[in-house]
Amino acid sequence: MIDFSIPAETQALRARVAEFIDKEVLPYEEQVGQRPFADIVAELQKAARAADLWCPFIPVEWGGMGLGHVANAVIQLEVGRTPLAAWAMNCMGPQDATMLTLLELGTEEQKEKYLRPLVNGELRVCFAMTEKAAGADATGMQTLATRDGSDWIINGEKWFASGASRSDLVLLMAKTDPDAPRHRQFTTFLVELPCEGFEIVRDVPTLHDAIEPSWNGEYVTGHAEITLKDVRVPSANIVGELGGGFASGQHRLGYGRIRHGMWSIARAQQAMDLAAERVLSRKTFGKPLGDRQGVQWMLADCARDLYIARLMVLHIAYCMEHGIDISQENSMAKNFIADMLSKVVDTALQLHGSLGYTMDTPLAAWYAEARMQHLVDGPDEVHRWRVGKKVLAAFEEHGTTASAAGGGLF
Ligand SMILES: Cc1cc2nc3c(=O)[nH]c(=O)nc-3n(C[C@H](O)[C@H](O)[C@H](O)COP(=O)(O)OP(=O)(O)OC[C@H]3O[C@@H](n4cnc5c(N)ncnc54)[C@H](O)[C@@H]3O)c2cc1C
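Residues numbered from 1 in each chain as written. Predicted model: local features only at pLDDT ≥ 70, side-chain atom pairs only at ≥ 80, totals over all residues.

## Section: the overall build of the chain
Consideration 1: Across its full length, the chain carries 14 helices and 10 strands.
Consideration 2: The C-alpha radius of gyration computed for the chain amounts to 22 Å, which stays within 12% of the reference 22 Å derived for 410 residues, consistent with globular compactness.
Consideration 3: Classification of the 410 residues of the chain by burial places 42% in the buried group.
Consideration 4: Taking as baseline every contact in the chain between residues at least 6 positions apart, the subset at least 24 positions apart corresponds to 72%. (Helix = DSSP H or I, 4+ residues; strand = E, 2+ residues; numbered from the N terminus. Rg over C-alpha atoms; globule rule 2.2 N^0.38 Å. Buried ≥ 20, exposed ≤ 12 C-beta atoms within 10 Å, placed from the backbone. Contact = placed C-beta atoms within 7 Å.)

Here you go:
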């Protein structure tokens with residue numbers, strides 16, 4: 001028998017998080033852009049700490065709530081209702097995945113020096129892997145780190161490092177051995193900011209900024225284009241092993257991908273609710289839109305995909321909790337949930353008619369927000385390519401593709 005029940009304490013926690021978001025967090029949404037964002041975050045974080053809702057997935061000994069992956073997934077499905085909730089509970093990206101990377105790969109010294117203040121909300125971190133030269137294929141990175149005594153000197157460029165303009169630290173990938181096998185050429189460094197030679201050229205304007213400037217600019221504080229000229233980093237700031245940067249980058253992106261999925265589900269649910277509310281009240285040709293079977297089919301398709309997405313996320317969280325490899329499932333979910341979110345938001349926008357295209361509902365902003373899900377943490381095509389390769393490999397190995405298509409469930 002498969003037991004799908006969520007433990008009572010997790011359900012209770014989910015209800016507590018939902019209540020916290022409704023009462024303490026959502027009222028702040030209308031203040032974004034009207035007051036300094038740092039003040040809003042400080043007030044929210046104080047409230048979250050008072051409610052004991054802080055860094056859900058970080059072990060208690062490091063100052064978090066110590067939740068396992070399933071319990072974390074259950075509450076992230078609530079957190080995703082507003083970016084402010086993640087800011088309040090100190091579990092926003094790329095803070096979250098970086099804390100997990102440090103927990104897994106950091107030295108004791110790095111954990112004390114960087115992880116503890118990150119968990120305390122005293123430091124902000126960004127992640128710089130992508131370059132203009134290379135994104136989907138990260139092994140094309142050109143940024144070079146060369147040894148100088150016990151230090152490393154980094155030269156090159158980065159692009160789309162979210163939040164870099166307001167960060168105190170950057171987790172940065174650079175090539176340390178151009179002659180090594182392709183996936184062993186890179187190393188991850190922790191660089192303290194500001195530092196000599198690390199220059200933010202600009203925050204790159206994006207589609208989301210164009211639609212929702214105060215929100216996006218403030219809460220992500222831009223996706224930075226960066227030049228690196230003789231940036232000096234001590235060897236003690238290498239995270240993981242020398243040459244292990246590619247693997248550690250994939251490790252951190254693994255959580256990021258599924259967490260994007262959890263938040264996308266929350267967003268899609270909000271869009272569906274708006275759609276339902278609208279079609280129940282809006283009449284055309286003498287009848288509420290909701291009475292039309294064609295409209296019901298549109299909502300049915302959204303509901304179906306939202307349901308699949310929830311199952312995917314919870315199953316992946318279960319696998320993570322039990323140490324089961326999730327690379328295939330995570331790629332399939334990343335891709336499916338991006339499609340699901342785009343479809344649900346687009347459907348809700350369509351059912352609002354011209355109102356959906358205005359800024360009088362949040363749908364236009366969510367539409368722009370959803371678009372990025374097809375790019376961040378690996379574009380759709382790369383995930384589908386990887387999934388397809390594993391499907392073929394499974395057939396070659398087992399005479400059936402089942403193990404690469406969810407067959408591992410049995
Ligand atoms: C909002 C946002 C935030 C981001 N934040 C960060 C961050 O904090 N840190 C960071 O390092 N990066 C970040 N990124 C960068 C992101 O990870 C990259 O944009 C992504 O990996 C794609 O790389 P690229 O843009 O260079 O696309 P390219 O590598 O130029 O690829 C372009 C397109 O080609 C197609 N493609 C590529 N390879 C294949 C293939 N093998 N088969 C078929 N089609 C293919 C895909 O459609 C892809 O979108 C962010 C991006 C966005 C949009």
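## Overview of helix α5 (residues 95–105)
Consideration 1: Taken together, the buried positions of α5 are occupied by Gln95, Asp96, Ala97, Thr98, Met99, Thr101 and Leu102.
Consideration 2: Buried positions along α5 lie against α6 (108–119), β1 (125–128), β4 (169–175), β8 (238–239) and α9 (245–281).

## Quick notes on the packing of helix α10 (residues 293–321) against helix α11 (residues 327–351)
Consideration 1: At a minimum axis distance of 9 Å, the contact between α10 and α11 shows a crossing angle of 150 degrees. By the angle between their axes, α10 is roughly antiparallel relative to α11. Note that α10 runs across α11; the crossing there is left-handed. Along its contact with α10, which presents Val295, Met298, Cys302, Asp305, Leu306, Ile308, Ala309, Met312, Val313, His315, Ile316 and Cys319, the element α11 presents Glu329, Asn330, Ala333, Phe336, Ile337, Met340, Lys343, Val344, Thr347 and Leu351.
Consideration 2: Looking at the contact of α10 with α11 residue by residue, the classes come out as 16 nonpolar, three polar and three charged. (Axes fitted to C-alpha atoms, helices over the stretch in contact; angles between N-to-C directions. Parallel < 35°, antiparallel > 145°, perpendicular 65-115°, else oblique. Left-handed = near helix turned anticlockwise from the far one by under 90°. Nonpolar A, V, L, I, M, F, W, Y, C, P; charged D, E, K, R; others polar.)

## A word on the site of the ligand
Consideration 1: Close contacts around the ligand come from 21 residues, with Thr130, Gly135, Ala136, Pro379 and Glu381 the closest.
Consideration 2: Counting only elements with at least two residues in the shell around the ligand, the list comes to β1, β3 (151–162) and α14 (380–398).
Consideration 3: When the residues that make up the shell around the ligand are grouped by side-chain class, the tally is 13 nonpolar, five polar and three charged.
Consideration 4: Three or more residues apiece are contributed to the shell around the ligand by two domains, here domain 2 (125–245) and domain 3 (247–409). (Near = placed C-beta within 6 Å. Domains from an automatic or database assignment.)

## Regarding helix α1 (residues 8–25)
Consideration 1: Across its 18 residues, α1 extends 24 Å between first and last C-alpha, which sits within 8% of the 26 Å expected from 1.5 Å per residue.
Consideration 2: Within the span of α1, buried status applies to Leu13, Val17, Phe20, Ile21, Glu24 and Val25. Down the axis, α1 shows its buried residues gathered within 110 degrees of arc, on one side only. Along α1, the residues that are exposed and aim more than 90 degrees away from the buried face are Ala8, Ala12, Ala15, Glu19, Asp22 and Lys23. (Expected span 1.5 Å × (residues − 1). Arc of directions from axis to C-beta.)

## Things to note about the packing of helix α3 (residues 69–79) against α10
Consideration 1: It is the contact of α3 with α10, at a shortest axis distance of 7 Å, that shows an interaxial angle of 150 degrees. The angle between α3 and α10 falls in the class roughly antiparallel. Packed against α3, whose contacting residues are His69, Val70 and Ala73, the element α10 presents Val313, Leu314, Ala317, Tyr318, Met320 and Glu321 at the interface.
Consideration 2: Residue composition of the contact of α3 with α10, grouped by class: seven nonpolar, one polar and one charged.

## Examining the domain arrangement of the chain
Consideration 1: According to the domain assignment, the chain contains domain 1 (8–119), domain 2 (125–245) and domain 3 (247–409).
Consideration 2: Its C-alpha centre places domain 1 at a distance of 24 Å from the equivalent point of domain 2.
Consideration 3: When residues of the side of domain 1 that touches domain 2 are traced back to their parent elements, those giving at least two are α4 (83–88), α5 and α6.
Consideration 4: Ranked by residue count, the leading element in the side of domain 1 that touches domain 2 is α5, at five residues.

## A short note on unusual backbone geometry
Consideration 1: The linkage connecting glycine 93 with the following residue, proline 94, adopts the cis geometry, with an omega of -5 degrees.
Consideration 2: With an omega dihedral of -5 degrees, the bond running from leucine 193 to proline 194 counts as a cis peptide bond.
Consideration 3: Relative to the helices and strands, proline 194 is located in the loop between β5 (186–192) and β6 (198–203).
Consideration 4: A positive phi angle, near 55 degrees, is found at asparagine 90, a position not held by glycine.
Consideration 5: Mapping asparagine 90 onto the fold places it in the loop between α4 and α5.
Consideration 6: Phi angles above zero are rare outside glycine, and phenylalanine 285 is one such case at about 50 degrees.
Consideration 7: Within the secondary structure layout, phenylalanine 285 lies in the loop between β9 (283–284) and β10 (287–288).

## Some points on the environment of arginine 257
Consideration 1: With respect to the helices and strands, the residue arginine 257 is situated in helix α9.
Consideration 2: Accessibility expressed as a C-beta count within 10 Å gives 25 for arginine 257, which makes it buried.
Consideration 3: In this structure the C-alpha to C-alpha distance between arginine 257 and serine 331, which are 74 residues apart in sequence, comes to 8.2 Å.
Consideration 4: Beyond its immediate sequence surroundings of up to four residues, arginine 257 is in contact with Asn330, Lys334 and Asp377.

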